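Topology and contacts: notes
If you want the building blocks of each chain, they are given just below.
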Amino acid sequence: MVLFFILFQNIIIPILIGVAIGIAAATVFFIVRAKRKASGKLSKKQVLVQGIQANIDDFREMFEPVYSVSVGKNKKQEECFAAWNERVQESAEDNGYKALFAERFGGYAAWGQGKKKLKVKKQNKLYKKNAKKLVKLFFKADILRGSDIYETGCETTAERYDLAGDGSIETDKSYEVLAPCWTYGDKVVDKGVIR
């Protein structure tokens, strides 16, 4: 026993110090986490996410246009933000997200305004940047954009996609996805387009 203590004395002390530091760090982590939960205060992003989720039906068919702005493919940027601001203000449920949305995305008409004239490149960058932030809120709210390139026709395809052109969706036929669908859980909130 004495021989064991002499040989491993240099190892035991650092291990005990490491264990003590680990216990202290875990204690601090759980105390801070418990205080946050006890205060019940949500971050601004969480309030926005919950507001969008609570009013999800008010925003049907409005997710893909914002995504298109975020990747620079939609030139109707102002109209897109105007529609979102209008729908947010008209929505029934308000957990405080209306004021936060207006604060964050409500000044869209002034984005890119210089002292004397409009700076179009700057305005386009601001629309794109803010659209990306809005898309991130969608993803945090579990509103997801489909990633399929092809869709095989089945009995539920018509619930998720509109067919470009004439005709109807046929079972077991392969279709190209022109615009993906957006879903919130099992609910389709923005139909896609296939051909």
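The structure reproduced in this document is the subject of the present report.

Parameters at a glance
Residues numbered from 1 in each chain as written. Predicted model: local features only at pLDDT ≥ 70, side-chain atom pairs only at ≥ 80, totals over all residues. Heavy atoms only, no water. Helix = DSSP H or I, 4+ residues; strand = E, 2+ residues; numbered from the N terminus. Buried < 20%, exposed > 50% of the residue type's maximum accessible area, 1.4 Å probe, protein only. Contact = heavy atoms within 4.5 Å. Areas by Shrake-Rupley, 256 points an atom, 1.4 Å probe, with all protein chains shown as cover. Lys, Arg positive; Asp, Glu negative; His and termini not counted. Charge placed at Lys NZ, Arg CZ, Asp CG, Glu CD. Pairing = 2+ DSSP bridges.

With respect to the overall build of the protein
- Looking only at helices and strands, one finds seven helices and seven strands in the protein.
- When the helices and strands of the protein are listed from N to C terminus, the series reads α-α-α-α-α-α-β-β-α-β-β-β-β-β.
- In terms of overall dimensions, the protein has a C-alpha envelope of 90 × 55 × 35 Å along the principal axes.
- Evaluated residue by residue, the protein yields a buried proportion of 29% over its 195 residues.
- Taking as baseline every contact in the protein between residues at least 6 positions apart, the subset at least 24 positions apart corresponds to 61%.
- Just so you have it, the protein exposes about 13,100 Å², and 57% of that area is on carbon and sulfur atoms.
- The protein carries 33 positive and 23 negative side-chain charges, and their two centres are separated by 17 Å.

Some remarks on the pairing of strand β6 (residues 187–190)
- The pairing of strand β5 (residues 182–184) with β6 spans three bridges and is classified as antiparallel. Directly across from Thr183, in β6, lies its bridge partner Val188.
- Here β5 hands over to β6 after two residues, with Gly185 in that stretch at a positive phi of 65°.

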